[in-house]
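Fold and geometry: a report
Each chain is listed here by its residues.
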Amino acid sequence: MTFFPKDIASKIILLFCLIVIILSIKFIREQNKWSPIDEYAHMDYIDKLGEGRLPILSDTISEELFQHIINDSIKSVSGRVYFREQLGIGNYSYEAIHPPLYYSLLLIPNVILKKIKYSIFERLKILRLISYFLFVVGMFLCLPLFKELSKLGFFIPNYYSYGCVLFGLLIATNHRYGLGNNMLSPLIINLTAIYLLKYIRVPSNKHLLTFILFSGLSVFVAISNLFIIPFLLLIAFYKYIYNYSIRSFLCSILTVSGFIFTFWLWKSLTIPEKQLNDNFQTILSMFIPAGLVDYKTFLKLFAEDAFRLSFISEKIEGTWLLLSLFIINILVILVFFNRTISKHKWVIGFSLLFVCLITVTFLLNKYVARVHWVAFRHYLGFIPVLYVSVTFWIVLLHDKLKNHLKF
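Please read all numbers here as calculations on a predicted model, not as lab measurements. (Residues numbered from 1 in each chain as written. Predicted model: local features only at pLDDT ≥ 70, side-chain atom pairs only at ≥ 80, totals over all residues. Heavy atoms only, no water.)

**Notes on the overall build of the protein**
Going by this rule: In DSSP terms, a helix is any run of H or I states spanning at least four residues, a strand is any run of E spanning at least two, and both are numbered starting from the N terminus. Here the globule rule is a power law, 2.2 Å times the number of residues to the power 0.38, and the radius of gyration is based on C-alpha atoms. Note on definitions: a residue-residue contact is assigned when non-hydrogen atoms from the two residues lie within 4.5 Å. Computed with the Shrake-Rupley method and a 1.4 Å probe, the accessible areas treat only the protein chains shown as cover for residues. By the counting scheme adopted, Arg and Lys are positive, Glu and Asp are negative, and His together with the chain ends is not counted. Lysine's charge is taken at NZ, arginine's at CZ, aspartate's at CG and glutamate's at CD.
Looking only at helices and strands, the protein features 17 helices and zero strands. Radius of gyration (C-alpha) of the protein: 22 Å, near the 22 Å computed for a compact globule of 407 residues. Taken along the three principal axes of its C-alpha coordinates, the protein extends 70 × 55 × 45 Å. Considering only residue pairs separated by 6 or more positions, the protein has 80% of its internal contacts joining residues 24 or more positions apart. Counting only carbon and sulfur atoms, one obtains 69% of the accessible surface of the protein, whose full area is about 19,800 Å². For the protein, the separation between the mean place of its 39 positive charges and that of its 23 negative charges on side chains is 13 Å.

**Section: helix H8 (residues 185–201)**
The test is simple: One less than the residue count of a helix, multiplied by 1.5 Å, gives the span that helix is expected to have. Buried means the residue's accessible area, taken with a 1.4 Å probe over protein chains only, is under 20% of the maximum for its type, while exposed means over 50%, and partly exposed covers the values in between.
With 17 residues, H8 extends 24 Å between its outermost C-alpha atoms, agreeing within 8% with the 24 Å of an ideal straight helix rising 1.5 Å per residue. The element H8 is largely enclosed, with a buried count of 14 among its 17 residues.

**What to know about the nonpolar core**
Applied cut-off: Residues belong to one nonpolar core when they are buried, are Ala, Val, Leu, Ile, Met, Phe, Trp, Tyr or Cys, and are joined through side-chain atoms within 4.5 Å.
Counting 113 residues, the largest nonpolar core has Phe-146, Leu-169 and Trp-346 as the members making the most contacts within it. The element that contributes the greatest number of residues to this core is helix H5 (residues 120–140), accounting for 10 residues. Dropping the residues within four chain positions of it, Trp-346 is found in contact with Phe-146, Leu-149, Phe-154, Ile-156, Tyr-160, Val-388, Phe-392 and Val-395.

**Section: the packing of helix H6 (residues 142–151) against H8**
Going by this rule: In this analysis, axes come from line fits to C-alpha atoms, helices being fitted only over the stretch in contact, and the angle between any two N-to-C directions falls in the range 0 to 180 degrees. These descriptions rest on fixed angle ranges, namely under 35 degrees for roughly parallel, over 145 for roughly antiparallel, 65 to 115 for roughly perpendicular, and the rest for oblique. Crossing handedness is read from the near helix: turned anticlockwise from the far helix by less than a right angle, it gives a left-handed crossing, and turned clockwise, a right-handed one. The residue classification treats Ala, Val, Leu, Ile, Met, Phe, Trp, Tyr, Cys and Pro as nonpolar and Asp, Glu, Lys and Arg as charged. All others, Gly included, are polar.
As a packed pair, H6 and H8 sit with axes 9 Å apart at the nearest point and diverge in direction by 15°. Judged by the angle between their axes, H6 and H8 are roughly parallel. The two elements H6 and H8 cross, and the hand of that crossing is left-handed. Residue-level inspection shows Cys-142, Pro-144, Leu-145, Glu-148, Leu-149 and Lys-151 of H6 in contact with H8, the latter providing Asn-190, Ala-193, Ile-194, Leu-197, Lys-198 and Arg-201. Considered class by class, the residues forming the contact of H6 with H8 number seven nonpolar, one polar and four charged.

**A few points about unusual backbone geometry**
Glycine aside, the phi torsion of most residues is negative, and most peptide linkages are trans. Positive phi, normally seen in glycine, also occurs at Lys-117, with a value near 70°. Its place among the elements puts Lys-117 in the loop between helix H4 (101–115) and H5.

**Quick look at the packing of aromatic side chains**
Operational definition: The aromatic pairing rule takes the rings of Phe, Tyr and Trp, using the six-membered ring of Trp, and pairs them if the centres are within 6.5 Å, calling planes under 30 degrees apart stacked, those over 60 edge-to-face and the rest tilted. Should the NZ of a Lys or the CZ of an Arg lie within 6 Å of a ring centre and within 35 degrees of the ring normal, that charge is described as sitting over the ring.
Applying the stated criterion across every chain yields a total of 28 aromatic pairs. Joined through ring pairs, the aromatic side chains of Phe-146, Tyr-160, Phe-167, Trp-346, Phe-350, Tyr-387 and Phe-392 make up one cluster. The ring centre of Phe-121 lies 5.4 Å from the NZ or CZ of Lys-75, which sits over that ring.

**A look at the side chain of Arg-308**
Selection rule: By convention in these notes, a salt bridge is any Lys or Arg side-chain nitrogen within 4 Å of a carboxyl oxygen on Asp or Glu. In protein, a polar contact requires one atom able to donate a hydrogen and another able to accept it; more generally it is a pair of N or O atoms within 3.5 Å, and residues adjacent in sequence count only if both atoms are side-chain atoms.
Note that Arg-308 resides in the loop between helix H13 (295–307) and helix H14 (319–335). No salt bridge is formed by the buried Arg-308; its nearest oppositely charged neighbour, Glu-314, is found at 4.2 Å. Of note is the side chain of Arg-308, whose polar atom sits 2.8 Å from the backbone oxygen of Glu-314.

**Things to note about the packing of H5 against helix H7 (residues 158–171)**
Where H5 contacts H7, the two axes come as close as 8 Å, and the packing angle between them is 150°. Classed by the angle they form, the pair H5 and H7 counts as roughly antiparallel. Like other packed secondary-structure pairs, H5 and H7 cross with a definite hand, here right-handed. Facing Tyr-132, Phe-135, Val-136, Met-139 and Phe-140 of H5, the residues of H7 in contact are Cys-164, Val-165, Gly-168 and Leu-169. Grouping the amino acids of the contact of H5 with H7 by side-chain chemistry returns eight nonpolar, one polar and no charged.

**Thoughts on the pattern of salt bridges**
All chains considered together, the criterion is met by 18 salt bridges. We note a salt bridge from Arg-53 to Glu-51, for which the minimum N-O separation is 3.2 Å. For Glu-51, a relative accessible area of 46% translates into the label partly exposed. In this structure, Asp-72 and Lys-75 form a salt bridge, with 2.9 Å as the shortest nitrogen-oxygen distance. Beyond isolated ion pairs, a larger network of salt bridges with shared partners links Asp-47, Glu-64, Lys-114 and Arg-123.

**Comments concerning the confidence of the model for the protein**
Put simply, the rule is: Values of pLDDT, which run from 0 to 100, indicate the predictor's confidence residue by residue.
Here the protein shows a mean pLDDT of 90. Residues at 70 or above account for 97%. Between the elements of the protein, mean pLDDT differs from a low of 78, seen in helix H12 (residues 274–287), to a high of 97, seen in H8.

**Observations regarding a nonpolar patch on the surface**
Stated precisely, the cut-off is as follows: Like-charged residues are merged into a patch within 9 Å and nonpolar side chains (Val, Leu, Ile, Met, Phe, Trp, Tyr) within 5 Å, provided each residue has over 30% relative accessible area and no salt bridge.
Together, Ile-8, Ile-12, Leu-15, Phe-16, Ile-19, Leu-23, Ile-312 and Ile-316 make up a nonpolar patch on the protein surface, roughly 710 Å² of accessible area in all. Mapping Ile-12 onto the fold places it in helix H1 (residues 8–30). Residue Ile-12 is classed as partly exposed on the basis of its relative accessible area of 44%.

**As for the environment of Ala-193**
Relative to the helices and strands, Ala-193 resides in helix H8. Here Ala-193 falls in the buried class, since its relative accessible area comes to 15%. C-alpha of Ala-193 to C-alpha of Phe-214: the two residues are 21 residues apart in sequence and 8.9 Å apart in space.

**Focus: helix H10 (residues 229–240)**
Over its 12 residues, H10 runs 16 Å from end to end, which matches the ideal 16 Å to within 8%, given 1.5 Å per residue. Those residues of H10 lying buried are Ile-229, Phe-231, Leu-232, Ala-236 and Tyr-240. Against the buried residues of H10 lie H8, helix H9 (205–221), helix H11 (246–269) and helix H16 (346–367).

So this is what it looks like as structure tokens:
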């Protein structure tokens, strides 16, 4: 699949993708305040890597960042402050709980910009664009992802994959302008899924090990990617048991062991000071306890966060449109159930992943304190799953009527 499609429908959708990217870049460039979504701590993480060390939750933010906050209160999310204590938890490197891969990718441009005397906020604005670019690349990987599904013998129109790119660009997150490690998740998760499909089609050791490699890297982007990776590993294992070899087994074990050791080493090197960490966790559990809202309210807040097109207007929010499309999706599948099962088995995997997303969010909301799970940014790797859940009916109807339609 080439980037520039030949069919008219795909070309039109690609044009809309480019328009959304331009509007999003404009939106990002116009933001002259720190994002309230933990951006102090995200930027501090990158700066501390530049100092040659991993941040620890009990570290305080850098002196450069603090001086910027007190000297330029217009850009601050904390208002006018004079002492570090006035920042509360914002004074600490609490994003140190996240793995370092995303921050490492932004390390080099940050170091270069710092050497040529860019201020911390000027560096931030450029890093925001790089972060968004990583997300855009991840979304365009939906093109080879659906192409791999087509190579398995399933009918998927070319324009459908471009539609997934557009869908993701539209709903990235209504706080898309800020730094955040989850913006890298679509890139790594989509690469993981692509090599899973390659392995299913051609079960070679190369495809298997590349799939395992990206699976491990996805966890080093965001631990929340563990919500989707085990399901992909189960699919790979089902294929693997029919293609077992001593060599592939040993290489797989070695690769997985390497990731486990690296994860353990990272956690060992970033153990925070106990009393401060205990106080921090207590504060979080008080403000964001398990079961803070019922699941219906959770879904409402989740949808508002996911489907508000802030880069156009805060007033544009597409929850009811997507809910209507979801209902249409269910009805069309029921009408053409036999055709779905016989010719579109790939959608079963997406359906199970959708159920996985619902189950995970329900359990997190009900039982797990201390993390704001309602934020859509934790689930950006599920974007293709959400897309299929509201648009599969298009593929089904096109397949049914393809002898009469010209795309």
